[in-house]
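Structural features, examined
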Amino acid sequence: MDPRFAEAQFAERYGALASRDARFDGQFIAGVHTTGIYCRPSCPAMTPKPGNVSFYRTAAAAHEAGLRACKRCQPDAVPGSPDWNLRDDLASRAMRLVHDGVVEREGVPGLAARLGYTPRHVTRVLTAELGAGPLALARAHRAQTARTLLAATDLPVTDIAFAAGFGSLRQFNDTIAAVYRATPTELRTLARRGSPTATHAGTITLRLPARAPFDGAGLFRFFADHGIRGFEEGDDTRFARSLRLPGGRAEIEVTLAGTGVQLTARLAALSDLPALTARVRRMFDLDADSVAIDTHLARDPDLAPLVAAVPGIRIAGSADPEEALFRTLVGQQVSVAAARTVLGRIVEHFGDFPTAAQLAERGDEVLRGPSARVAAIRRVAEVVARGELPLHPATPVAELRERLLALPGVGPWTTEYLAMRALGHPDAFPGTDLVLKQSASALGITPSPRAFWAPWRSYAALHLWRARPLRVPAG
């Protein structure tokens, strides 16, 4: 790193720490070597001298440096870093998979295989860029999940240990002691300060925070308007559906809860909880840095009024990229209402949202429309079913675009829309979208992405969609 850049970055971060700026919580961690603890930037403790502070991108890096979490500010109880979604480099894609629980399920070799590199190379890159290797990063994530469960549920400690992904109770106790300098019972008492708990009849309820401002009502309205009848239900403050997870199906209900959401879930396997929370966070774009996005886009005088009208706009993501792909293909060139009808018929036919293999084999039983369009959807399903089109949180956006555009019946609108919805990419722009064009025309601007909107062009598109002109009834 350029010494001048490092010096400027340190000064910026130290300024945030000294002013206790909560906007930076989750974006970096401050390690105080004289006390041996690490804190969030907004920690109310006395500001340490600059010479006693180091800054880290991850809690795992702070652990590797021999630091433990501050009991006062609880640095893990904040939204995640927006960097992992903003960037598409190896480290960021790896972090998305770590949060999804891939290391616990598949080990470091499985993580490396999904990323397309050797375990040694992945470990080397993560250690160099994030200050810790994949095992340490996964361990830190397990500790954070455990802290959340201790704070928010009445689950027995043993259940929490395995739900968080630990292989044994001893490993769980040792990790909690090392990270938090407390026993699980002590940590539960500490973490519950001012936090309600809920665990009833096999359900788990957690609050998932977001960064303010948060246009939660807009997200819930989108999910309600696009919901599949008989499969999803929702309104301006609630959304419910079932999800496929590695250990089985989960029934979830998400409700608006101030700056964030409340997740209530009934899981087939407690060990699926880290994957579920990661997917719901992506689905509701909870880790986005809204202040940075809004400030950037508001510099455009054409977008400024739209940003002021809807601060904290978020990408309505997907908890299942494969499902998002086929919902998008079915919805091409038809209205939202027509797409919902077709999708409802598909779900009714299969008894669930079908897998790619089911659509490839039996899609002709339920898909309707021009034969070329039906054949195109089935061909895409065959490609996905064979594993030739990876669809997971770490799929590189450039690779997704290239592979999709090579398939018959898939155009630029589909690739950009999927980059936004399935991968949560912040810089996609479906410029050929009819509604987007209408909105841009009504505002007197060109319906194409402006270079200076980058790296937030997805959010510019969302503002244009939201500002679509109302149709005036004839007569």
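These lines cover the structure that appears in this document, whether it is placed above or below. (Residues numbered from 1 in each chain as written. Predicted model: local features only at pLDDT ≥ 70, side-chain atom pairs only at ≥ 80, totals over all residues. Heavy atoms only, no water.)

By size, the foremost hydrophobic cluster in this structure holds 58 residues, and its most contacted members are Leu297, Leu325, Phe326 and Tyr459. If we skip the residues at most four places from it in the chain, Phe326 touches Phe353, Ala356, Leu359, Ile377, Val380, Ala381 and Val384. Tyr38, Leu155, Leu245 and Met283 belong to the second largest nonpolar core, which has 51 residues in total. (Core = buried A, V, L, I, M, F, W, Y, C linked by side-chain atoms within 4.5 Å. Buried < 20%, exposed > 50% of the residue type's maximum accessible area, 1.4 Å probe, protein only. Contact = heavy atoms within 4.5 Å.)

The subject of this paragraph is unusual backbone geometry. The step from Ala212 to Pro213 runs through a cis peptide bond, and the omega angle for that step is -5 degrees. With respect to the helices and strands, Pro213 occurs in the loop between strand 5 (203–209) and helix 11 (216–226). Put simply, Ala454 and Pro455 share a cis peptide bond, and its omega is 5 degrees. Mapped onto the fold, Pro455 is located in the loop between helix 21 (434–443) and helix 22 (457–466). Although it is not a glycine, Gln74 adopts a positive phi angle of roughly 45 degrees. With phi around 50 degrees, Asp285 is a residue other than glycine that occupies positive phi space. (Helix = DSSP H or I, 4+ residues; strand = E, 2+ residues; numbered from the N terminus.)

The next point concerns helix 12 (residues 273–283). By the criterion of burial, helix 12 is predominantly enclosed, with 11 of the 11 residues buried. Residues of helix 12 that are buried: Leu273, Pro274, Ala275, Leu276, Thr277, Ala278, Arg279, Val280, Arg281, Arg282 and Met283. Among the residues trailing helix 12, Asp285 stands out with phi positive, at a value near 50 degrees.

Judged by how many residues are buried, strand 5 sits mostly within the fold: 6 of 7 residues are covered. The sheet contact formed by strand 5 and strand 9 (residues 260–267) spans 7 bridges and is antiparallel. Residue pairing across strands places Ile204 opposite Ala265, the latter belonging to strand 9. (Pairing = 2+ DSSP bridges.)

The next point concerns the sheet that holds strand 7 (residues 238–245). As summarised here, the arrangement of the 5 strands in space is 5-9-8-7-6, forming an open sheet in which the pairing is antiparallel. On the outer flanks of this sheet lie strand 5 and strand 6 (232–234), each paired with one strand and no other. Averaged over neighbouring strand pairs, the angle between their axes works out to 25 degrees when direction is ignored. Sitting on the sheet, helix 12 touches strand 5, strand 7, strand 8 (248–256) and strand 9, and the angle it makes with strand 5 is about 40 degrees. (Axes fitted to C-alpha atoms, helices over the stretch in contact; angles between N-to-C directions.)

Here we come to the sheet that holds strand 3 (residues 53–56). In spatial order, the strands read 3-1-2-4; together these 4 strands make up an open sheet with mixed pairing. A single partner strand is all that each edge strand has here, and the edge strands are strand 3 and strand 4 (68–69). One ladder, built from 3 bridges, connects strand 1 (residues 29–32) with strand 2 (residues 37–39); its direction is antiparallel. Residue Val32 lies in a different strand from strand 2, and its bridge partner there is Ile37.

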